[in-house]
Amino acid sequence: MRLARLGPSGAERPVVLDAEGRARSLEGLTADIDGAFLAADGIARVRDALDTLPVLPEQDLRRGAPVARPGKVVCIGLNYRAHAAESGAEPPAEPVVFMKAADTVVGPDDDVRIPRNSVKTDYEVELAVVIGREARYLDSPADAASHIAGYAISNDVSEREFQLERGGQWDKGKSCETFNPLGPWLVPADGLTVPELRLRSWVNGEPRQDELAGDMIFDVPHVVWYLSQFMVLRPGDIVNTGTPAGVAMGLPGQPYLRAGDVMELEIDGLGRQRQRLVQFE
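Here the residue numbers are simple positions, counted from 1 along each chain's written sequence. At least 70 in pLDDT is required for a residue's local features to be given in this predicted model, at least 80 for side-chain atom pairs to be given and counted, and no such filter applies to totals for whole chains, interfaces and linings, which use all residues. In computing side-chain properties, one takes all heavy atoms of the structure into account and sets aside hydrogens as well as water.

### Comments concerning the overall build of the protein chain
Summing up its helical and strand segments, the protein chain has five helices and 19 strands in all. Its C-alpha radius of gyration of 18 Å places the protein chain within 12% of the 19 Å reference for a compact globule of 281 residues. Its C-alpha atoms put the protein chain at 55 × 45 × 30 Å along the principal axes. When a residue's accessible area, from a 1.4 Å probe over protein chains only, is under 20% of the maximum for its type it is buried; when over 50% it is exposed; and in between it is partly exposed. Among the 281 residues that make up the protein chain, the fraction classed as buried is 56%. In the protein chain, 76% of the contacts between residues at least 6 apart in sequence involve partners at least 24 apart. Working note: accessible area of the protein chain is about 11900 Å², and carbon and sulfur atoms make up 49% of it. Here the positive residues are Lys and Arg and the negative ones are Asp and Glu; neither His nor the chain ends is included. Charged groups are reduced to one reference atom each: NZ for lysine, CZ for arginine, CG for aspartic acid, CD for glutamic acid. Here the protein chain holds 30 positive side-chain charges and 43 negative ones, and the gap between their average locations is 3 Å. Segments assigned H or I by DSSP are reported as helices when at least four residues long, segments assigned E as strands when at least two residues long, and all are numbered from the N terminus. Atoms considered for the radius of gyration are the C-alpha atoms alone. The globule rule reads 2.2 Å times the number of residues to the power 0.38. Contacts are residue-level and defined by heavy atoms, with any inter-residue pair within 4.5 Å sufficient. Note on areas: these come from Shrake-Rupley sampling with a 1.4 Å probe, and a residue is covered only by the protein chains present in the view.

In structure tokens:
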């Protein structure tokens, strides 16, 4: 079962894709796939009603982010050893936490805008955790699973000069508009074995990243538990769990993104994204 939102930006319709890949309307159950829907056991209600939901006519519609209006996007940095090494950093003793503006979230195939004055725009394929139940001061990582609604692909697009060379915190290199394509689907947590998921990315058809989620330094339960000690995670919030090695910053010649480049990202079971880079004027 895969939850998605289809249609023009700002007017997406909530759907579920069934085992045959048909889009079934959720509009009889919810106005949107958002925090309120997830908090009200929306995924379970969709599963119970799946066979009775109306099948929509086949249409070539834009795919929006599968979660509407996330309250916050929380990110984990340097969560793969090889990526920490290519970044010139030691593997962290505790998760590196930073925030990303929630309005960076766009559809999985929407254009990504290279910011004005940017010379170091970079890509990062990441496993995104979608929170389904409020998480506050969890007792242990074992408590995390019941607070996770599901997973999606996230592209934590970054501007490295803004992030690392301009002083202050990382957020200003992470929060440029369109810097978080999400989707195409939200897959319920009980349908995936996270450590076996393989994350991959390509730029202009050239392979860049390829690693298992099981190689994370801090796994998903630990990350959710850890974050709950410092902030309240609410339904609909997104947690980006870190990127594998192979980003432009760590490659010979540092091949940063330019207008006209095409990023493609894939995670087993979670589908595929494709974005074209355009220059902000």
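### Side note on the state of the cysteines
To count as a disulfide, a pair of cysteine sulfur atoms needs to be within 2.5 Å. For the coordinates displayed, the defined rule picks out zero disulfides. Counting only cysteine sulfurs, Cys176 is the nearest neighbor of Cys75, a cysteine outside any disulfide, at a range of 13 Å. Accessibility expressed as a relative area gives 0% for Cys75, which makes it buried. The class of Cys176 is buried, set by a relative accessible area of 14%.

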